[in-house]
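Now for the letters of each chain:
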Amino acid sequence: MDFNALLQQAQKLTHETQVTDDLPRVERTLPQVLQATQELHSRVTQTGAQDMQAHILLGSNGIDLPKISQKLETLSSRKTFEPLDPIATTDVQNFLRNEKENAILAVIEEVHKNSYMAAETQKWDHMMNDWKQEKVKLMNALIGPSQSWIDIRKGPEQTILNETTFGGRSSLNSQEMAYAREVHEYNKLVCEGAMRPSLVQRFAQVADSFNDSRVNDIWEVVKYMANVTPIPRSQDPMKVRCSQHLFINQAKRYLENRYKVFMQTVISEHLREARRGGVPSVLNLVGSFVGLKLATQGLNSSFIGLQDGQVDGKPLWPMVYYCLRCGDIASALKCMQMAGQGHEDLIAVLEEKCHNPEQKTNPRLELQIRMQYKRQIRNATDPYKRAVYCIVGCCDIQEPHADIAKTTDDFLWIQLSLIRTEGDDSSEHLTCSGLQSMILEQYGEKHYNANEQPHLYFQLLALTGQYEAGIEFLSRFEKYRVHAVHIGLALNELHMIGGPRNLQEPLLSVDFEDPQPMRRLNIARLIMLYVKKFEITDPPEALHYFYFLRNLKDSEGRNLFLVSVADLAIECRNFDLLFGRMQRDGMRSHGLIDQFETAHIDARTVCEMVAEKFVKKGMFEDAIKMFDLAFQQEQALRYTSILLSQVVHHANKEGSLRERVQRMASEFTERYTGAEKNCDSQTWTTFNLLKDLATFFDYYHAKNHQSAMEILERIKLVPLRMTDLDVAVNNFKRLSGEVCKVIPDLLLATMDIAYTKFKAMKGKDVAKYDDLGKKNQLSYLREQAKALTNMAAMVPYRMPGDTNSRLIQTEILMH
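Every chain is numbered on its own, with residues counted from 1 as its sequence reads. Totals for whole chains, interfaces and linings use all residues, but because this is a predicted model, local features are given only for residues with pLDDT of at least 70 and pairs of side-chain atoms are given and counted only at 80 or more. With hydrogens and water stripped out, all remaining heavy atoms of the structure feed into the side-chain values.

Under an unreviewed UniProt entry, the protein has the name Nuclear pore protein and belongs to Anopheles culicifacies. UniProt positions are given in the numbering used here, feature names are shortened, and annotations may be inferred rather than shown by experiment. Reading the Sequence similarities (unreviewed entry) entry of the UniProt record for the protein gives the comment "Belongs to the nucleoporin interacting component (NIC) family." For the record of the protein, the UniProt heading Subcellular location (unreviewed entry) holds the text "Nucleus, Nuclear pore complex".

Counting from the N terminus, the helices are the DSSP runs of H or I reaching at least four residues and the strands are the DSSP runs of E reaching at least two. Counting its regular elements, the protein contains 37 helices and four strands. A total of 815 residues make up the protein; the buried ones form 44% of that total. Here, two residues are considered to be in contact whenever any of their heavy atoms come within 4.5 Å of each other. Once local pairs closer than 6 in sequence are excluded, the contacts in the protein between residues at least 24 apart make up 62%. Residue burial considers only the protein chains on display, and all accessible areas are found by Shrake-Rupley using a 1.4 Å probe. When the accessible surface of the protein is summed, it comes to about 45,100 Å², and 51% of that surface belongs to carbon and sulfur atoms. To sort residues, take the accessible area from a 1.4 Å probe on protein chains only and compare it with the maximum for the residue type: under 20% means buried, over 50% means exposed, and anything in between is partly exposed.

Attention shifts here to the confidence of the model for the protein. Averaged over the protein, the pLDDT score is 83; the fraction of residues at 70 or greater is 84%. By mean pLDDT, the top-scoring element of the protein is helix 22 (residues 478–493) (95), and the lowest-scoring one is helix 3 (residues 49–59) (64). You can read pLDDT as the predictor saying how much it trusts each residue, on a scale of 0 to 100. Confidence drops under a pLDDT of 50 for residues 77–81, and excluding neighbours within four residues, the segment shows three contacts in the predicted structure. In this model residues 143–167 is a low-confidence stretch, pLDDT under 50, and it forms 50 contacts with partners more than four residues away in sequence or in other chains.

A word on the side chain of Asn 187. Inspection of the secondary structure puts Asn 187 in helix 6 (residues 174–192). Not counting residues up to four positions away in its chain, the partners in contact with Asn 187 are His 544, Tyr 547 and Phe 548.

This next bit is on helix 21 (residues 467–474). Summarising burial for helix 21: eight of the eight residues are buried, a large majority. Taken as a whole, helix 21 has its buried residues at Tyr 467, Glu 468, Ala 469, Gly 470, Ile 471, Glu 472, Phe 473 and Leu 474.

What makes a salt bridge here is a side-chain nitrogen of Lys or Arg within 4 Å of a carboxyl oxygen of Asp or Glu, nothing more. According to the stated counting rule, one finds 39 salt bridges in the structure shown. Here Lys 223 ties to Glu 220 by a salt bridge, and the two come within 3.3 Å at their closest N and O atoms. In this pair, Lys 223 and Glu 220 both sit in helix 8 (residues 213–226), three residues apart, roughly one turn of the helix. Judged by its relative accessible area of 26%, Lys 223 is partly exposed. You can call Glu 220 partly exposed: its relative accessible area is 30%. Arg 573 is the partner of Asp 622 in a salt bridge, and the nearest nitrogen-oxygen pair spans 2.4 Å. Placement of the pair is Asp 622 in helix 28 (residues 620–629) and Arg 573 in the loop between helix 25 (560–572) and helix 26 (575–579), with a sequence separation of 49 residues. With relative accessibility at 15%, the residue Asp 622 sits in the buried group.

The next point concerns the packing of helix 32 (residues 705–715) against helix 35 (residues 743–762). It is the contact of helix 32 with helix 35, at a shortest axis distance of 11 Å, that shows an interaxial angle of 135°. Comparing their axes, helix 35 and helix 32 come out oblique. Crossing handedness for the pair helix 32 and helix 35: left-handed. Here helix 32 contributes His 705, Gln 706, Ala 708, Met 709 and Leu 712 to the contact with helix 35, which in turn contributes Leu 746, Thr 750, Ile 753, Thr 756 and Lys 757. Whenever a helix is involved, its axis is fitted only over the stretch in contact; in every case the axis is a line through C-alpha atoms, and angles between N-to-C directions fall within 0 to 180 degrees. Any angle that is under 35 degrees is reported as roughly parallel, and any over 145 degrees as roughly antiparallel; angles of 65 to 115 degrees are reported as roughly perpendicular and all others as oblique. Left-handed describes a crossing in which the near helix is turned anticlockwise from the far one by less than a right angle; the clockwise case is right-handed.

Our next topic: the packing of aromatic side chains. Any two rings among Phe, Tyr and Trp, with Trp reduced to its six-membered ring, count as a pair given centres within 6.5 Å; such a pair is stacked if its planes are under 30 degrees apart, edge-to-face if over 60, and tilted if neither. Within the structure shown, the criterion is met by 36 aromatic pairs. Judged by centre distance (5.2 Å) and plane angle (75°), the rings of Phe 289 and Tyr 322 are edge-to-face. Residue Phe 289 is located in helix 12 (residues 282–295), and its partner Tyr 322 is located in helix 13 (residues 316–325); the two are separated by 33 residues in the primary sequence. Each member of the pair, Phe 289 as well as Tyr 322, is classed as buried. When the centroid spacing of 5.2 Å and the interplanar angle of 70° are considered together, the rings of Phe 473 and Phe 477 count as edge-to-face. You can call Phe 477 buried: its relative accessible area is 17%. Geometrically, a lysine NZ or arginine CZ counts as sitting over a ring once it is within 6 Å of the ring centre and also within 35 degrees of the ring normal. In this arrangement the basic side chain of Arg 550 is found over the ring face of Tyr 547, its NZ or CZ atom lying 4.2 Å from the centre. Cation over ring: Arg 604 sits above Phe 631, and NZ or CZ is 4.0 Å from the ring centre.

Another point: the nonpolar core. With 219 residues, the main nonpolar core has Trp 219, Tyr 321, Tyr 545, Phe 579 and Met 791 as its most contacted residues. Ignoring anything within four residues of it in the chain, the contact list for Met 791 reads Leu 717, Val 718, Pro 719, Leu 725, Ala 728, Val 729, Phe 732, Ile 743 and Leu 747. As used here, the term nonpolar core means buried Ala, Val, Leu, Ile, Met, Phe, Trp, Tyr and Cys residues forming a set that is joined through side-chain atoms within 4.5 Å.

Here we take up the environment of Lys 314. Assignment of secondary structure puts Lys 314 in strand 2 (residues 314–315). Taking the relative accessible area as the measure of exposure, Lys 314 reaches 22% and is therefore partly exposed. As a C-alpha pair, Lys 314 and Ser 288 span 26 residues in sequence and 9.1 Å in three-dimensional space.

What follows deals with the side chain of Thr 789. Mapped onto the fold, Thr 789 is located in helix 36 (residues 771–794). One polar contact links the side chain of Thr 789 to the main-chain carbonyl oxygen of Ala 785, over a distance of 2.9 Å. Setting aside residues no more than four positions away along its own chain, Thr 789 makes contact with Met 751, Leu 807, Ile 808 and Glu 811. Whenever a nitrogen or oxygen atom comes within 3.5 Å of another N or O atom, the pair is scored as a polar contact, on the condition that within protein one atom can donate a hydrogen and the other can accept it, and that pairs from neighbouring residues in sequence are kept only if both atoms are in side chains.

Our focus in this paragraph is a nonpolar patch on the surface. Each patch groups residues whose relative accessible area exceeds 30% and which form no salt bridge, using 9 Å between like charges and 5 Å between nonpolar side chains of Val, Leu, Ile, Met, Phe, Trp and Tyr. Residues Val 92, Phe 95 and Leu 96 make up a contiguous nonpolar surface patch of about 270 Å² in total accessible area. Note that Leu 96 resides in helix 5 (residues 92–141).

With that settled, consider the state of the cysteines. In this description, a disulfide is simply a cysteine sulfur pair whose atoms lie within 2.5 Å. What the rule picks out here adds up to zero disulfides. Free of any disulfide, Cys 390 has its nearest cysteine sulfur in Cys 395, 5.5 Å distant. Relative accessible area serves as the criterion here: at 1%, Cys 390 is assigned to the buried category.

Bringing helix 20 (residues 454–463) into the picture now. Within helix 20, 10 of the 10 residues are buried, which leaves it mostly tucked inside the rest of the structure. Of the positions making up helix 20, those classed as buried are Pro 454, His 455, Leu 456, Tyr 457, Phe 458, Gln 459, Leu 460, Leu 461, Ala 462 and Leu 463. Those residues of helix 20 that are buried lie in contact with helix 8, helix 10 (246–269), helix 18 (408–418), helix 19 (432–447), helix 21 and helix 22. Positive phi shows up at Gly 465, right after helix 20, with a value of about 80°.

Geometrically, a packed helix pair is captured by the angle between its two axes and the distance between the axes. With their axes 10 Å apart at the nearest point, helix 8 and helix 20 run at an angle of 5° to one another. Taken together, the axis directions place helix 8 and helix 20 in an arrangement best described as roughly parallel. Across from Arg 214, Asp 217, Ile 218, Val 221, Val 222 and Met 225 in helix 8, the residues of helix 20 making contact are His 455, Phe 458, Gln 459, Ala 462 and Leu 463. Under the scheme applied here, ten amino acids are nonpolar (Ala, Val, Leu, Ile, Met, Phe, Trp, Tyr, Cys and Pro), four are charged (Asp, Glu, Lys and Arg), and all others, including Gly, are polar. Considering only residue class, the contact of helix 8 with helix 20 consists of seven nonpolar, two polar and two charged.

With an omega of 0°, the peptide bond running from Gln 516 to Pro 517 counts as cis. Turning to its location among the elements, Pro 517 is positioned in the loop between strand 3 (508–509) and strand 4 (520–521). Positive phi is not limited to glycine here, since Asn 449 has a value of about 50°. Residue placement: Asn 449 occurs in the loop between helix 19 and helix 20. According to the relative accessible area criterion, Asn 449 is partly exposed, its value standing at 37%. Residue Lys 703 is not a glycine yet carries a positive backbone phi of 65°. Here Lys 703 lies in the loop between helix 31 (681–701) and helix 32.

If you want it as structure tokens, here you go:
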């Protein structure tokens, strides 16, 4: 194509453009086009990549984005929700408009304030719940009391079982299971009213099967210390123990018998050197033991400097000391009598102790012995002589007797022998609380290397009457925790454990009214910490341990056993196992709780407690089941109605909440109809109405409109014609809140049915139907729609959302 042809075409196009009147003529030179292009490019490049894309998108549709941005920048929502300026009262229209807008703004502000306060309250409630859980853990961790601090390190934290293990294997090991079986047998006898066996003896037999000598030693100590006169249930065991010192004689007896066994073991290992013969007796045993020690005199410095001759070829004072160490005062007296004259005061005291062991020693004789000790015996070279005078006459309680007391048992036995329960205030004597403070506070765990030898330190605490501190200390070690818990259970059943006044106290606490350094053990916390490990996987065993809490009350005065079972039920959610299930005849099948049923323990009470906890958590579905098990029909029907009112208008789906609630409602109807019910008539009426509405919506969603309308005709909650309007409005005023909540959805569903019938009738062939009948039917449907709309406007209930507008729009479509 040549340039002449191109010029002709351009002129032709120009002529056509001039003819067209729709578009304005644009005349730009090439420099002007270049300048406009540069300006457009500079504007686009300044706004960025995203703005560039926005320019291209909006510009293609003829929108100038920069101008819109400028307009948007001039807009300000700052004054949108501010109170409006007052207007003079003479301007009525503007005044009313201003008042209306102010009222709307006030409502918005009030809603905003309430929402903020609700969110703030919910936030703090959540934080408080978290803090309560942390506080429980901290209280469990603290060894100190709420009134005073105790300088004892925290032990290992309790292991908490993961809930996901429920339904798997048992969390109990072999030792725990062995103890649990014994607990089950014991509780069975208690529930049957049979004579209670000694739980200490039973547990000790179980422990013996573990073949652990240290554990056997622990239980041997417990058996000795529990063998005392029973403490009346009406008295505080801590006060009785501190006032009567029941444990002192038992502790000495344990140490003396243990030493006697030790001497027999030593002699049996050296029968040839011991040369034991004659009639078996303690005196003969002591003589052989002392003879063995004499044979090693060169290696034992304790026999250097012995005084006052011999008895049957053995040194006098070692014979007397070891007779006393074995608890045989008669043999010690016999040795002193065989020694001859010069020890009349000591013989007199031993005679008193031999003939009247439970009575207090004559203070005059003890005073004479102390005076003699201070004048002559204190500086004697015979360590056994010094020890005998100190033990018999309570002399020089600060003397450690290191030459003789080589072991902790020897030291403790000497200290227990120096205690005088009714000492003369003017004389120096060792008190029970002084010995306890020495073991627990002065020396403490570090001195006795308690972490390496926990069994030994426990024995020291138990033998000095500090059962609570000993059990708490032993429970810190994983190996001994199971034994510590069952020692606590056994002693608590004998009413020998001092508990705190408040069950919220930590595991070990101090009461200012108790003498120092006594502690109180929170047995409830001890049991709960132990059961926490296996309560999910082994609820039957957990219930038996909780049964030991039946005589305790929580801060609200409720039976702690029932509270613990309720918490367990919520935790494991195995309601059928714990409480049984309701049968078709209205009777409850037996659950685990029924084996403990007494006058103070009722399964219905526990079920009601669980239900109330579920209600507080908002878990109404579980609460309904528990109220039903508790035979609380009023509450069961009430919360069923609440759930039904929330889901009754939904389409039924398999596994949905609506299906589950409707199934429960059907079961209640089957069991409660015709039977005696402890519920209000209004509650029963509301329940039945909601059941009928559930059936109506089932028909409605299934497009079975005829059956749905038959239900409406029967229950008369909404008007189906104008003559029924007043009746429906009056009936509405008597309805409960649960049914009123469903009325808007019921009106919409009924209107939808009427409109569906109206469209179907309008589309029918007139040739096949009577024209007058069709008109009457359409008129009836229009009247029905009008009645429904009028009811929505007349009832004293605020319809949610756009209910009224939807009803009116549908009515308009039908005219």
